[in-house]
Amino acid sequence: MIKQISLRARALWISIPSFLVLLCLVMMFFLNHEPPAFNPMAAATLHAQEHHHEVVTGYATTATMIETVNVLLNKRGGYMSNDIMPPWVFLDNIPNWEFGVLTQVRDLARAMRNDFSRSQTQSTEDPDLSEADPMFHYDNERWIPPDTEGRYRKANEALERYLTRLSSPNERDAQFYARADNLVDWLAIVEKRLGSLSQRLSASVGQVRLNTDLSGDSDARQSTDAPDVVLVKTPWTQIDDIFYESRGSAWALVHFLHAMSVDFEDVLRKKNATVSFRQIIRELESTQKPLHSPMVLNGSQFGVFANHSLIMANYISRANAAIIDLRQLLQEG
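Let us look at the structure shown here. (Residues numbered from 1 in each chain as written. Predicted model: local features only at pLDDT ≥ 70, side-chain atom pairs only at ≥ 80, totals over all residues. Heavy atoms only, no water.)

1. Here's the deal with a nonpolar patch on the surface
Then step 1. A grouping of Ile84, Met85, Trp143 and Ile144 is seen on the molecular surface, where their side chains present a nonpolar patch of about 430 Å² in accessible area.
Then step 2. If you trace the backbone, Ile84 turns up in the loop between helix H3 (59-74) and helix H4 (93-116).
Then step 3. Given the relative accessible area of 44%, Ile84 is considered partly exposed. (Patch = residues over 30% accessible without salt bridge, like charges linked within 9 Å, V, L, I, M, F, W, Y side chains within 5 Å. Areas by Shrake-Rupley, 256 points an atom, 1.4 Å probe, with all protein chains shown as cover. Salt bridge = Lys/Arg side-chain N within 4 Å of Asp/Glu carboxyl O. Helix = DSSP H or I, 4+ residues; strand = E, 2+ residues; numbered from the N terminus. Buried < 20%, exposed > 50% of the residue type's maximum accessible area, 1.4 Å probe, protein only.)

2. What about the nonpolar core?
Then step 1. If you look at the biggest cluster of nonpolar residues, it comprises 73 residues, and the most contacted ones within it are Met65, Phe116, Phe136, Leu183, Trp186 and Leu330.
Then step 2. Residue contacts for Trp186: discarding those within four places in its chain leaves Asp107, Leu108, Ala111, Phe116, Leu253, Phe256, Leu257 and Met260. (Core = buried A, V, L, I, M, F, W, Y, C linked by side-chain atoms within 4.5 Å. Contact = heavy atoms within 4.5 Å.)

3. So, the packing of aromatic side chains
Then step 1. Evaluation of the coordinates by the stated rule reveals eight aromatic pairs.
Then step 2. Here the aromatic rings of Phe243 and Tyr244 are separated by 5.4 Å at their centres, their planes lie at 80 degrees, and the arrangement is edge-to-face.
Then step 3. On the basis of relative accessible area, Phe243 is assigned to the buried category, the value being 3%.
Then step 4. The exposure class assigned to Tyr244 is buried, which follows from its relative accessible area of 10%.
Then step 5. Above the plane of the ring of Tyr138 lies Arg151, whose end atom (NZ or CZ) is 5.1 Å from the centre. (Phe/Tyr/Trp six-rings, centres within 6.5 Å; stacked < 30°, edge-to-face > 60°. Lys NZ or Arg CZ within 6 Å of the ring centre and 35° of its normal.)

4. Some thoughts on the side chain of Arg106
Then step 1. As for its placement among the helices and strands, Arg106 is situated in helix H4.
Then step 2. Buried charge Arg106 goes without a salt bridge, the closest partner of opposite sign being Asp139 at 6.3 Å.
Then step 3. Of the polar contacts made by the side chain of Arg106, one reaches the backbone oxygen of Tyr138; its length is 2.9 Å.
Then step 4. Setting aside residues up to four positions removed in sequence, Arg106 forms contacts with Phe99, Asp133, Phe136, His137, Tyr138, Asn140 and Tyr152. (Lys, Arg positive; Asp, Glu negative; His and termini not counted. Polar contact = N/O pair within 3.5 Å; in protein donor to acceptor, adjacent residues only side chain to side chain.)

5. Remarks on the packing of helix H8 (residues 239-263) against helix H11 (residues 308-332)
Then step 1. Here H8 crosses H11 at 30 degrees, and the two axes come no closer than 10 Å. When the axes of H8 and H11 are compared, the pair comes out roughly parallel. Between H8 and H11 lies a crossing whose hand is left-handed. For the pair H8 and H11, contact is made by Ile239, Phe243, Ser246 and Arg247 and by His308, Ser309, Met312 and Ile316, respectively.
Then step 2. Of the residues in the contact of H8 with H11, the class split is four nonpolar, three polar and one charged. (Axes fitted to C-alpha atoms, helices over the stretch in contact; angles between N-to-C directions. Parallel < 35°, antiparallel > 145°, perpendicular 65-115°, else oblique. Left-handed = near helix turned anticlockwise from the far one by under 90°. Nonpolar A, V, L, I, M, F, W, Y, C, P; charged D, E, K, R; others polar.)

Following this line, the structure appears as structure tokens:
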């Protein structure tokens, strides 16, 4: 009898860890989920109706940014980048996706603070945007209070106050200037972000690159010497990290560009740049196609297996090239 009880206890002792491992795997599969895209125009309209706001220039962009942060914080599984408990701690795809989204939110918050809300360099910055900007730059992996989510929610509250003032006819100090030069300045930041992502994605198979850091200026100098030929290759442990960071960055950009196509409609039409703007959105939307593979494959350039990083790099490079052309069109058109 005692032996039977001992055997049952041992079986129970073995089954509990197995059950916990299985439960952890199931939760990891459930939580490893990218949120779907939302309609920026519909979200901005609904936001205006709920808060009794008047839709004005800049409303779509600001409301889309607020909704993007809400999705970042409230998607399936919540915000995961600073989680230290299983199964969240074992996930890395979605945290990297979150970082890609956060990077674009940070860049747009800085652009709104420095450019979109100011008429000229000598004008004062908006108090709510100056509060939101540094909060979005808070450590994205911090879990010790004050926690990351709390900071980002406070930043979103500051954006909400700015949006309320922006839509009020009695608040003349809150402005959003939809000018070509402001759009060009933000696109210059986006151009650098996409260029960096494209290079990191392309390095998944390893590349021998010529050093062109000082090209175009015979008097240029750099701090330390660099070799003329550099071998660049992404470690295999970081290939999926860069891939999902790129997807998150493109996901946020698609929403921001859709919103700006409304706020900057007159500027784009006057510069005959509407089609070019839409083409950028279309290229970035291609990066959001479902990944029909259990993992990010890293085949050779012309091998049997796919290389998802190179495919992603292709779409991002095309979008980046279109942005370069658009900036030139906005400046000279």
